[in-house]
Amino acid sequence: MLRISAALCAAVFALTLSAADASAHAQLISAEPFDGAVLTTAPEQLTLAFSEPVRPLVARLIHPDGRAEILKLSADKGAVIVLVLPSSLENGTHILSWRAASSDGHPIGGGLVFSVGAPSAVAPATIAQFDLTARIGLWSARFLLLLGLIVGVGGTAFYALIGRSASIAGARIVTGALFAGLAVAPLLVGFQGLDAFGSPLSGLATADVWETGLWATSYGSSTLLAAMAICVAYAAGQAGYRSRFGTLLAIAALLLVGVAVASAGHASAAPPRYLTVPALFLHAVTVLLWIGALVPLGAVLIAGGAALPFVIQRFSRIVPAIVGVLALSGLLLAIVQVQSIPALWNTDYGRVLLAKLALVVALLLLAAVNRLYLTAPVVAGDASATRRLTRSVGTEIVLAAAVIAVLGLWRFTPPPRTIAANPALFEIQEVRTQKEGISATLSIHPPIVGPARVEIGSLLLDGKPFQPIGVSVDLDKPSYGIGPFTREALRASDGIYRAEGFVLPLDGFWIVRVTVLVSDFRSVTLMDVFDVQRAPQ
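In this text, all values refer to a predicted model and were calculated from it rather than measured experimentally.

Q: Kindly report on the environment of Val58, identifying the contributing residues and their values.
A: Tracing the chain through its elements places Val58 in strand S4 (residues 55-62). Under the relative-accessibility criterion, Val58 is labelled buried at 12%. Sequence separation between Val58 and Leu73 is 15 residues, and the spatial gap between their C-alpha atoms is 8.9 Å.

In structure tokens:
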């Protein structure tokens, strides 16, 4: 334990030295031509300047006729991206949609509009912001890799540092977890590429998606480090958990996982990084030491033997310190990311955190009962207590798996810290309108230039909820001759109708018309106005 403590201190010190100031996401500072510009002649290139270095992923230009074209990169100067425009741009309004990778590895995106000659209507082009199947695949691959790391590398650390005197019961499970994690790592790279491009599942057939997933974001290097940790942990098992070399390899694998987790994600780029990066590292390592020990601990309980009392006692003595570091590092990260108490229930990130905390509290209560009431009887050789502790550890494993599953949702939820820095990106503009006995609440998400969706909620007919035959949404800006853009609104499980795929090229007032088909012979059109703002600079 002295050796592993020294190694942890050294790794944390190295991470602290390497942690430079960085924002959560890069911000677009300026563009040439600027958003909303009306030019007399067609420009040859388009320049995007960001608040910090970014890595360009993809840029699409939507022409006035709705045709989408991928633009070539002319220059990448860290925080500046220069895009080559087609040589003969037609007159009218053009929309640029871009995606880049920020310093924390998350893809960011945005858009701007410029016109050649004079503004014109732009035919709607459907550009998916994400593909649900691809996101499910990303969550699943991440979940399986985390299981492989926690059960595999964490189990290896248990055998090398705590269960040295026990038989290697459960070693096959640990080895299987290592192989499963290693097998899913390449798939995770592919899904990261899909997420970066915003591509559907079919994008896995293209080399660009795999190259982007591996090299364009920090998640690629993080996945490589995780795969390396798995290989080192397997080598530790082959060298022998009780050998000095095997122990050193197990510690190295543990530290590699900590570095991998601390090198990517929302928290890895949260200021002040000299605190958040080491906290994230320690959080990951202590998770492996605690949760990763559960599977081999359960196997040792089932196998029994003379070494069982020693292993149980040693784990019982060490785990409070591990859980203490885990709790303190998690508290620090939560304070930095959430920033305010109301954000716990007002944001998706906060709600995911509350779900995680509920599971962790249940896990801690169960662990406390095990330590206070079952450890001593098990050490004394009580068979009944041993069976109860075995079942309890099994329940802990299930709860731990649920925690890992919930954690994967954070990949798709911006932390409140980011929302506080860019409030306009997450605001919801809402209006209440009614006509001919039909009333509804209309909202636009977000109310800024670029991609948006319109939601229709609280739909009532003569004051009572009802389900219409169909709902469609029109958005147009007649003062500029833009639109109308029309989308069908689909009913979700929560009863809200959502119309996706709008791309708003200009700020200002946009007229929204919601046509509700009440019956085959009656339709009612609700109308109101949304005030769309420019994206924050």
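Once the structure has been displayed, the description carries forward.
Q: Please set out the pattern of salt bridges residue by residue, giving values where relevant.
A: Per the counting criterion, the structure on display carries five salt bridges. Salt-bridge contacts for Arg498 lead to Glu455; the nearest nitrogen and oxygen are separated by 2.9 Å. Taken together, the residues Arg498 in strand S16 (residues 497-504) and Glu455 in strand S12 (residues 450-461) connect sequence positions 43 residues apart. Where Asp494 meets Arg498, a salt bridge forms, and the shortest distance between an N and an O atom there is 2.9 Å. We classify Arg498 as partly exposed; its relative accessible area is 22%. One salt-bridge network, in which partners are shared between bridges, spans Arg453, Glu455, Asp494 and Arg498.

Q: Now, about a nonpolar patch on the surface: what can you tell me, with residues and values included?
A: A surface patch of nonpolar side chains, amounting to about 400 Å² of accessible area, comprises Ile341, Trp345, Leu354 and Leu357. When you line up the elements, Trp345 lands in helix H10 (residues 343-346).

Q: Quick rundown of the pairing of S12? Include the residues and the values.
A: Across seven bridges, the pairing between strand S11 (residues 438-445) and S12 is antiparallel. Opposite Ser439, over in S12, you have Leu460 as the bridge partner. Linking two consecutive strands that pair antiparallel, namely S11 and S12, is a turn of four residues. Bridge count for S12 against S16 is six bridges, and the pairing is antiparallel. Within S16, the residue paired with Val454 across the bridge is Ala499. As defined by bridge partners, S12 adjoins strand S13 (residues 464-465) across two bridges and the pair is classed as antiparallel. Counterpart to Leu460 in the pairing with S13 is Pro465. Where S12 folds back on S13, the antiparallel hairpin that results is connected by two residues, among which Asp462 adopts a positive phi of roughly 55°.

How each quantity is defined
- Residues numbered from 1 in each chain as written.
- Predicted model: local features only at pLDDT ≥ 70, side-chain atom pairs only at ≥ 80, totals over all residues.
- Heavy atoms only, no water.
- Helix = DSSP H or I, 4+ residues; strand = E, 2+ residues; numbered from the N terminus.
- Buried < 20%, exposed > 50% of the residue type's maximum accessible area, 1.4 Å probe, protein only.
- Salt bridge = Lys/Arg side-chain N within 4 Å of Asp/Glu carboxyl O.
- Patch = residues over 30% accessible without salt bridge, like charges linked within 9 Å, V, L, I, M, F, W, Y side chains within 5 Å.
- Areas by Shrake-Rupley, 256 points an atom, 1.4 Å probe, with all protein chains shown as cover.
- Pairing = 2+ DSSP bridges.

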